[in-house]
Amino acid sequence: MNEKTTTETIAPIVSADVFEIEAKLCVPYKLTEGVLVATQAVLVKLTDADGIVGWGEANPAGTVDGETPAGVMRVLKETLLPIVLRAAEPMPGTIDALVDSLLPSHLCAKGAVSMALLDILGKRLNVSAATLLGGAIRRSLPVLWPLSNGTAEDDIPIIEERAAQGFSSFMLKMGTSPIASEIKRVAALEARYGESIKLIADANQGWSLDQAREFLAGIASSKLAFIEEPLADDVTKGMAELSGASQFPLSADESIIEHTDAAHLAVAGAAKVFSIKSSKNGGPLRAQRIAATAEAFGIQCYMNSMIEFGITQAASLQHAVTVRNLIDVGHAFMSTMRLVEDPTDFSSFVRNGMVHLPERPGLGVAIDEDHVRRLTTSSFVLGASSNDVRANDAKR
């Protein structure tokens, strides 16, 4: 009985299509490391022996995790996807454990595979990925809108526009302007908007310890929800010191790659908020372990993004709706709305400043493969031939 159930639950993966894609941002985004005008991702399409298709996405960011699209493509082709194609029963958790035992790091590539397998498993069972992750405890979440490095005068028109659309949380990117200017920026926005919006400050590791101290002292009367990853060096020790001396919650973002990083930061008392990025952290199953570590230490979670296309956004949402210890602010599910084009329908899930869980199995997002191919800069296929893949697609 158990053997029959397992066979019906999952089927071997017979083909893998991998696409490196690129799209421009609607508005350039000024960050600590420079101005971002376009984003790249690697999409993975897996097809099982019954013709069921699952999609995953990798969002490498060299300044954060040291990964590149070319590196993700290489490790998928040479190592990860051959493992998946050889597996008789490629359950997501089993494959995650196997690839972790055989290959360290490369979490973006692993996460894309994990997303695609969760997508297939959910579709086979006709349940959402959230159900596979333990079950949704909410159906929607407020969405945040990010603001580039700049001044309050730069921010106000964007806040006005997005507030009219229902957004009530805004992230202030910092790290390049003088600290006095950043303090003035926060004060000006809070004087104008009071408690009608929530503000987050994110320095993207742009400050020294002394600069972070200066900023925290200057906003002592502020109501900022939290300050994300302020320090460039000696992050754990410095953030622990800042957390012990300040009333403001600090969030760890770039310093959390694996769940062991989360445990180290938690033990040190370095953060009261963990920023979770599904792709950077290796897919929803690994991100789930980070959220569980946070909960064990009384730390809240913020669902963040990396200028992602809709597949990663969908995977993050499926995880987010299961997390009990989410912080009460808007979360980063606006990424596809910032792109000139996205080959998914994720943006349709965001309405009136809220993101809504779709009523579909798997990741719940629809992908236009023709659109994917138009955005593709390089690709490869493993397993079945292209003709076989197209025949399988017809069965969806």
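Preceding block: the structure.
Report follows, based on the coordinates. (Residues numbered from 1 in each chain as written. Predicted model: local features only at pLDDT ≥ 70, side-chain atom pairs only at ≥ 80, totals over all residues. Heavy atoms only, no water.)

1. Description of helix 9 (residues 209-218)
Three or more residues of helix 9 are buried, namely Ala212, Phe215 and Leu216. Axial view of helix 9: buried residues confined to an arc of 95°, hence all on one face. Turned more than 90 degrees from where helix 9 packs its buried face, Asp210 and Ala217 sit exposed. (Buried < 20%, exposed > 50% of the residue type's maximum accessible area, 1.4 Å probe, protein only. Helix = DSSP H or I, 4+ residues; strand = E, 2+ residues; numbered from the N terminus. Arc of directions from axis to C-beta.)

2. Comments concerning the pattern of salt bridges
Counting across every chain of the model gives 22 salt bridges. One salt bridge connects Asp210 with Arg213, and the closest N-O pair in it is separated by 2.7 Å. Of this pair, Asp210 and Arg213 both sit in helix 9, separated by three residues, roughly a single helical turn. Overall, Arg213 belongs to the partly exposed group, its relative accessible area being 35%. A salt bridge links Asp253 to Lys277, with the nearest nitrogen and oxygen atoms 3.1 Å apart. You can see Asp253 sitting in the loop between strand 9 (250-252) and helix 11 (259-268) and its partner Lys277 sitting in the loop between strand 10 (273-276) and helix 12 (284-296), a full 24 residues away along the chain. (Salt bridge = Lys/Arg side-chain N within 4 Å of Asp/Glu carboxyl O.)

3. Details of the side chain of Glu182
Tracing the backbone shows Glu182 in helix 8 (residues 179-193). Apart from the residues within four sequence positions on either side, Glu182 is in contact with Asn149, Gly150, Lys173, Met174, Gly175, Ser177 and Phe215. (Contact = heavy atoms within 4.5 Å.)

4. Some thoughts on the nonpolar core
Of all hydrophobic cores here, the largest spans 94 residues; its most connected members are Phe215, Ile227 and Phe274. What Phe274 contacts, discounting residues up to four positions off in sequence, is Ser251, Ala252, Ile256, Ala262, Leu265, Ala266, Ile290, Ala294, Ile299, Gln300, Cys301 and Tyr302. (Core = buried A, V, L, I, M, F, W, Y, C linked by side-chain atoms within 4.5 Å.)

5. Considerations on the sheet that holds strand 4 (residues 140-142)
The strands that make up a sheet pair up through hydrogen bonds in the backbone, lying either parallel or antiparallel. As summarised here, the arrangement of the three strands in space is 4-13-12, forming an open sheet in which the pairing is antiparallel. Looking along the sheet, the strands with just one partner apiece sit at the ends: strand 4 and strand 12 (350-351). (Pairing = 2+ DSSP bridges.)

6. What about the packing of aromatic side chains?
For the coordinates displayed, the defined rule picks out six aromatic pairs. Plain terms: the ring middles of Phe19 and Trp55 are 6.0 Å apart, the flat faces sit at 20° to each other, and that makes the pair stacked. With Phe19 in strand 1 (residues 13-31) and Trp55 in strand 3 (residues 53-58), this pair connects stretches of sequence that are 36 residues apart. Across the pair, exposure class does not vary: Phe19 and Trp55 are buried alike. Judged by centre distance (5.3 Å) and plane angle (70°), the ring pair of Trp145 and Phe167 falls under edge-to-face. Residue Trp145 is found in strand 5 (residues 144-147), and its partner Phe167 is found in the loop between helix 7 (152-164) and strand 6 (169-173); the two are separated by 22 residues along the sequence. Take Trp145 and Phe167: they sit in the same class, and that class is buried. In textbook terms, an aromatic cluster arises when at least three aromatic residues are bridged by ring pairs, as seen for Phe333, Phe346 and Phe349. Positioned above the aromatic ring of Phe380, the side-chain terminus of Lys77 is 5.3 Å from the ring centre. The ring of Trp145 has Arg162 sitting right over it, with the charged end atom 3.7 Å from the ring centre. (Phe/Tyr/Trp six-rings, centres within 6.5 Å; stacked < 30°, edge-to-face > 60°. Lys NZ or Arg CZ within 6 Å of the ring centre and 35° of its normal.)

7. Section: unusual backbone geometry
Positive phi, close to 60°, is recorded for Asn126, a residue that is not glycine. Among the secondary structure elements, Asn126 is positioned in the loop between helix 5 (107-125) and helix 6 (129-132). Within the chain, Asp234 stands out as a residue other than glycine whose phi angle is a positive 45°. Along the polypeptide, Asp234 turns up in the loop between strand 8 (227-228) and helix 10 (235-245).

8. Details of the sheet that holds strand 5
Reading across the sheet, the seven strands line up as 5-6-7-8-9-10-11 and stay open at both edges, with parallel pairing between neighbours. The open sheet has two edge strands, strand 5 and strand 11 (300-303), and neither has a second partner. Bridge count for strand 7 (residues 198-202) against strand 8 is two bridges, and the pairing is parallel. From the neighbouring strand, Asp202 faces strand 8, where its bridge partner is Glu228. Taken strand by strand, helix 8 contacts strand 5, strand 6 and strand 7, and its axis lies near 160° from that of strand 6. (Axes fitted to C-alpha atoms, helices over the stretch in contact; angles between N-to-C directions.)

9. Some thoughts on the side chain of Asp202
As for its placement among the helices and strands, Asp202 is situated in strand 7. On the basis of relative accessible area, Asp202 is assigned to the buried category, the value being 0%. A polar contact is formed between the side chain of Asp202 and the side chain of Lys173, at a distance of 2.5 Å. Those residues in contact with Asp202 that sit more than four places away from it in its chain are Met171, Leu172, Lys173, Met174 and Glu228. (Polar contact = N/O pair within 3.5 Å; in protein donor to acceptor, adjacent residues only side chain to side chain.)

10. Looking at helix 4 (residues 92-102)
Since the α-helix packs 3.6 residues into each turn, any two residues three or four apart lie on the same face. Buried within helix 4 we find Pro92, Ile95, Asp96 and Val99. Down the axis, helix 4 shows its buried residues gathered within 105° of arc, on one side only. Tucked into the core, helix 4 has its buried residues touching helix 3 (69-86), helix 5 and helix 12.

11. Observations regarding the packing of helix 4 against helix 5
Remark: helix 4 packs on helix 5, axes separated minimally by 9 Å, with the N-to-C direction vectors making an angle of 160°. Considered as vectors, helix 4 and helix 5 are oriented roughly antiparallel to each other. Regarding helix 4 and helix 5, the two cross each other, and that crossing is right-handed. Counting all contacts with helix 4, which are made through Pro92, Ile95, Asp96, Val99 and Asp100, the residues of helix 5 involved are Lys110, Val113, Ser114, Leu117, Leu118 and Leu121. A breakdown of the residues in the contact of helix 4 with helix 5 according to their chemical character gives seven nonpolar, one polar and three charged. (Parallel < 35°, antiparallel > 145°, perpendicular 65-115°, else oblique. Left-handed = near helix turned anticlockwise from the far one by under 90°. Nonpolar A, V, L, I, M, F, W, Y, C, P; charged D, E, K, R; others polar.)

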